[in-house]
There are 2 protein chains.
Amino acid sequence: MKLKQLTLAALTLSLASAAFAQVKPEDEIRYRQSVMNVIGRAFGPMGAMAQDKAPFNKDVVVKNTAIVEMMAGLPWNSFAAGTEKGAPTKADMKVWSEGAKFKEAAEKAGKAIAALSAAVKGGADEKALKGAIGDVGKTCKGCHDDFRLKEFRN
Amino acid sequence: MKLKQLTLAALTLSLASAAFAQVKPEDEIRYRQSVMNVIGRAFGPMGAMAQDKAPFNKDVVVKNTAIVEMMAGLPWNSFAAGTEKGAPTKADMKVWSEGAKFKEAAEKAGKAIAALSAAVKGGADEKALKGAIGDVGKTCKGCHDDFRLKEFRN
């Protein structure tokens, strides 16, 4: 290897290390799991209402939709290349090998959440809200079915 | 033990089990850690700006303050009695033995966050925003110093 190549290789390695120092895979994994956990805690009671497993409570729907909406955009950057492993994760490797499909699934969830938020803000009735909640639930489940493993992997 | 006492003991146990089934300590621990993680990720860049370690970016302050504000009320119920252990946690046992002091520290953080949010919404200038961010940081640190262990415990 010639000197110039060696220097370039060292520089590349150095830049890669610098990037690694800024974005630690384990931190990204923890963060995306944290966001999903907060979303799940907010969505859970609404999902139960939509399935008539819990009494409808509009105040909870208003409050929790706002939480889900605010969280909805946060996790995706933390699935960047280089975050495939580094801590126990349920993310299927298809997240990275089928990135376009994953992005599409995430966007579908985002649209369903935006529609639920619009329904809440527009004063939709119980039936319409339950329908919008159900639509969000389907996009969550769809993405989880395709891209989330049943067990943690390292 | 008389029959009546036995029945009462069985009922108490049964109710305690039911409560336990609804609120799993490990889920509460995971949830409060998730919320704190999301808060930390949102607050981090603002803290760096307030300490002049990063260039001031008002858009980030607006966006991240909204996240911190929405998260600020969420973790406290998940420090309820019965959630002292069940998963690795950094929560000091003082959270429960000095509950009033913990509550006060949490409320102090809530007030500082509300003040930051008001400053953002009121169009405060860079200096005022940095001051309000610094005030939030102090309340975070104060509570962490008193109630968060340096290492995880079981």
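These remarks concern the structure in this document. (Residues numbered from 1 in each chain as written. Chains lettered and ligands numbered in written order. Predicted model: local features only at pLDDT ≥ 70, side-chain atom pairs only at ≥ 80, totals over all residues. Heavy atoms only, no water.)

Describing the overall build of chain A
Which entries qualify depends on this criterion: Only runs of H or I of at least four residues qualify as helices and only runs of E of at least two qualify as strands under DSSP, and these elements are numbered from the N terminus. The rule is simple: take the accessible area with a 1.4 Å probe, protein chains only, and divide by the maximum for that residue type; under 20% is buried, over 50% is exposed, in between is partly exposed. Any two residues whose heavy atoms approach within 4.5 Å are treated as being in contact.
Looking only at helices and strands, one finds six helices and two strands in chain A. In chain A, the order of α-helices and β-strands from amino to carboxyl end is α-α-α-β-α-α-α-β. Here chain A holds 154 residues, and 34% of them are scored as buried. Of all intrachain contacts in chain A linking residues separated by at least 6 positions in sequence, the fraction that spans at least 24 positions is 77%.

A look at the pattern of salt bridges
In a structure, side chains of opposite charge can pair up when their charged atoms sit close to one another. Residues and elements named next belong to chain A. What counts here: For this analysis, a salt bridge means a side-chain nitrogen from Lys or Arg found within 4 Å of a carboxyl oxygen belonging to Asp or Glu.
The full count for this structure, using the stated rule, is 17 salt bridges over all chains. For Glu69, the salt bridge goes to Lys121, with nearest N and O atoms at 3.5 Å. One end of the pair, Glu69, is in helix H3 (residues 58–71); the other, Lys121, is in helix H5 (residues 99–121), and 52 residues separate them in sequence. Residue classification places Glu69 among the partly exposed residues on the basis of a relative accessible area of 32%. Linking Glu98 and Lys101 is a salt bridge whose minimum nitrogen-to-oxygen distance equals 3.9 Å. On the accessibility criterion, Glu98 (30% relative accessible area) is partly exposed. Judged by its relative accessible area of 40%, Lys101 falls in the partly exposed class. What you see here is one network of salt bridges that share partners, running through Asp52, Glu126 and Lys130.

Overview of the side chain of Asp92 of chain A
All names here are of chain A. For clarity, the cut-off: This count recognises Lys and Arg as positive and Asp and Glu as negative, with His and chain-terminal groups excluded.
In this fold, Asp92 is placed in the loop between strand S1 (89–91) and helix H4 (94–97). Within the buried set, Asp92 has no salt-bridge partner at all; the shortest N-O distance to an opposite charge, 4.8 Å, is to Lys94. When residues no more than four places from it in sequence are discounted, the contact partners of Asp92 are Asp146, Phe147, Arg148 and Leu149.

Things to note about the environment of His144 of chain A
Along the chain, His144 of chain A falls in helix H6 (residues 126–147). C-alpha separation for the pair His144 of chain A and Asp125 of chain A, spaced 19 residues apart in sequence, amounts to 29 Å.

Concerning the relation of the copies chain A and chain B
Selection criterion: Alignment of copies: least-squares fit on C-alpha atoms of residues with pLDDT of at least 70 in both copies.
Between chain A and chain B, which share one sequence, the superposing operator has a rotation angle of 180° and an axial displacement of 0.0 Å; the RMSD is 0.0 Å. Both chain copies can therefore be described as sitting about a two-fold axis. Within chain A, the C-alpha atom positioned nearest to the axis of rotation is that of Ser34 of chain A, 2.1 Å from it. Same-surface contact between copies: 100% of interface residues of chain A are shared with the interface of chain B.

Digging into the interface of chain A and chain B
Just so we agree on the cut-off: Buried area adds together the accessible area that both of two parts lose upon being put together, with accessible area traced by a 1.4 Å probe.
On the chain B side, the residues contacting the 17 residues of chain A number 17 residues. Counting each side, the surface lost to burial between chain A and chain B is near 1500 Å², with a carbon and sulfur contribution of 64%. Contact with chain B buries area across many residues of chain A, yet Asn37, Arg41 and Met70 of chain A alone supply 38% of it, more than any other trio. Taken together, chain A and chain B are joined by two salt bridges. Across the salt bridge formed by Glu28 of chain A and Arg41 of chain B, the nearest N and O atoms sit 3.0 Å from each other. Within the residue set of the side of chain A that touches chain B, elements represented by two or more residues are helix H2 (25–50) and H3 of chain A. Considering every element that reaches the side of chain A that touches chain B, the biggest residue donor is H2 of chain A, with ten residues.

Here's the deal with the packing of H2 of chain A against helix H2 (residues 25–50) of chain B
Short version of the rule: Between N-to-C directions, angles cover 0 to 180 degrees, with each direction set by a line fitted to C-alpha atoms, over the stretch in contact for helices. Handedness of a crossing is defined here by the sense of rotation of the near helix relative to the far one, left-handed for an anticlockwise turn of less than a right angle and right-handed for a clockwise turn. Under the scheme applied here, ten amino acids are nonpolar (Ala, Val, Leu, Ile, Met, Phe, Trp, Tyr, Cys and Pro), four are charged (Asp, Glu, Lys and Arg), and all others, including Gly, are polar.
The interhelical angle for the contact between H2 of chain A and H2 of chain B, taken along N-to-C directions, is 115°, at an axis separation of 8 Å. Of the two possible hands of crossing, H2 of chain A and H2 of chain B adopt the one that is left-handed. Of the residues in H2 of chain B, those in contact with Asp27, Glu28, Arg30, Tyr31, Gln33, Ser34, Val35, Asn37, Val38 and Arg41 of chain A of H2 of chain A are Asp27, Glu28, Arg30, Tyr31, Gln33, Ser34, Val35, Asn37, Val38 and Arg41 of chain B. When the residues that make up the contact of H2 of chain A with H2 of chain B are grouped by side-chain class, the tally is six nonpolar, six polar and eight charged.

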